[in-house]
Amino acid sequence: MSMPLESVPFSELLRRPAETAERLSRTRAVRLRRRDAADLVLMSADRADAEGEVVDLTARLLASVARRDPALVREALPTVLPWVRFLPPGDVEQMAGEFIATAEAAAAVGNTAAMSQLLTEWRHTAEIHADPDLHRVLAGPSSGDFGPVARPADE
């Protein structure tokens, strides 16, 4: 599923829409690079529907298997996501449980954004555990309240 996408400037779609769309006959999707915003992906509706169906089925199948044998998911995680090896055993248990519940919920609503967010959060947690100096600083006592946090700039 992670085959590289053909990449073109967004302006190519504007200048030559038919030729840009024709690229979809040779590749899974086309990445439209934009200078001042996130890139977009152009994909045929049939392909998007098919991939969505596969993701939905996979999430529901995984949730079903995990409910019957949660140990199987815990055992497979370090193979599928090698960074899981940096997590303490209790965190692996917690991640497996959250992963299963989130996969099931994401499949139910047809949106995998929550799965992506969960994986990003746990990967960052593993990065902290992998760096002893960073872990010591973040796990150590704090010197109290650090005051108000500035509102992020509009994106």
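Placed above this text is the structure.
Bear in mind that the values here come from a model prediction, so they are computed numbers and not experimental data.

Looking only at helices and strands, the protein chain features seven helices and three strands. When the elements of the protein chain are put in sequence order from the N terminus, they spell out β-α-α-β-β-α-α-α-α-α. Against the compact-globule benchmark of 15 Å for 155 residues, the protein chain has a radius of gyration of 21 Å, which places it well outside the compact range. Taken over the C-alpha atoms alone, the protein chain extends approximately 60 × 45 × 25 Å along its principal axes. Here the protein chain, with 155 residues, has 22% of them falling under the buried criterion. The long-range share in the protein chain, meaning contacts at least 24 apart out of those at least 6 apart in sequence, stands at 40%. Put simply, the protein chain shows about 11,100 Å² of open surface, and 57% of that area lies on carbon and sulfur atoms. If the 18 positive side-chain charges of the protein chain are averaged to one point and the 24 negative ones to another, these points end up 6 Å apart.

Here we come to the side chain of Thr20. Here Thr20 is to be found in helix H2 (residues 17-22). For Thr20, a relative accessible area of 0% translates into the label buried. Of the polar contacts made by the side chain of Thr20, one reaches the backbone oxygen of Glu12; its length is 3.2 Å. Within the structure, the side chain of Thr20 is placed 2.8 Å from the backbone oxygen of Arg16, a separation counted as a polar contact. Contact partners of Thr20, with chain neighbours within four places excluded, come to Val8, Glu12, Leu13, Val30, Leu32 and Leu42.

With that settled, consider the pattern of salt bridges. The tally for this structure, following the rule as stated, stands at eight salt bridges. The salt bridge partner of Glu6 is Arg23, with a shortest N-O separation of 2.0 Å. Separated by 17 residues along the polypeptide, Glu6 in strand E1 (residues 6-9) and Arg23 in the loop between H2 and strand E2 (30-33) bring together distant segments of the chain. Residues Glu51 and Arg47 are paired through a salt bridge, measuring 2.9 Å at the closest nitrogen-oxygen approach. With Glu51 and Arg47 both in helix H3 (residues 45-68) and four residues apart, the pair spans about one turn of that helix. On the basis of relative accessibility, which here comes to 13%, the residue Glu51 falls in the buried class. Sharing partners across several salt bridges, the network here consists of Glu6, Glu12, Arg16 and Arg23.

What counts as what
- Residues numbered from 1 in each chain as written.
- Predicted model: local features only at pLDDT ≥ 70, side-chain atom pairs only at ≥ 80, totals over all residues.
- Heavy atoms only, no water.
- Helix = DSSP H or I, 4+ residues; strand = E, 2+ residues; numbered from the N terminus.
- Rg over C-alpha atoms; globule rule 2.2 N^0.38 Å.
- Buried < 20%, exposed > 50% of the residue type's maximum accessible area, 1.4 Å probe, protein only.
- Contact = heavy atoms within 4.5 Å.
- Areas by Shrake-Rupley, 256 points an atom, 1.4 Å probe, with all protein chains shown as cover.
- Lys, Arg positive; Asp, Glu negative; His and termini not counted.
- Charge placed at Lys NZ, Arg CZ, Asp CG, Glu CD.
- Polar contact = N/O pair within 3.5 Å; in protein donor to acceptor, adjacent residues only side chain to side chain.
- Salt bridge = Lys/Arg side-chain N within 4 Å of Asp/Glu carboxyl O.

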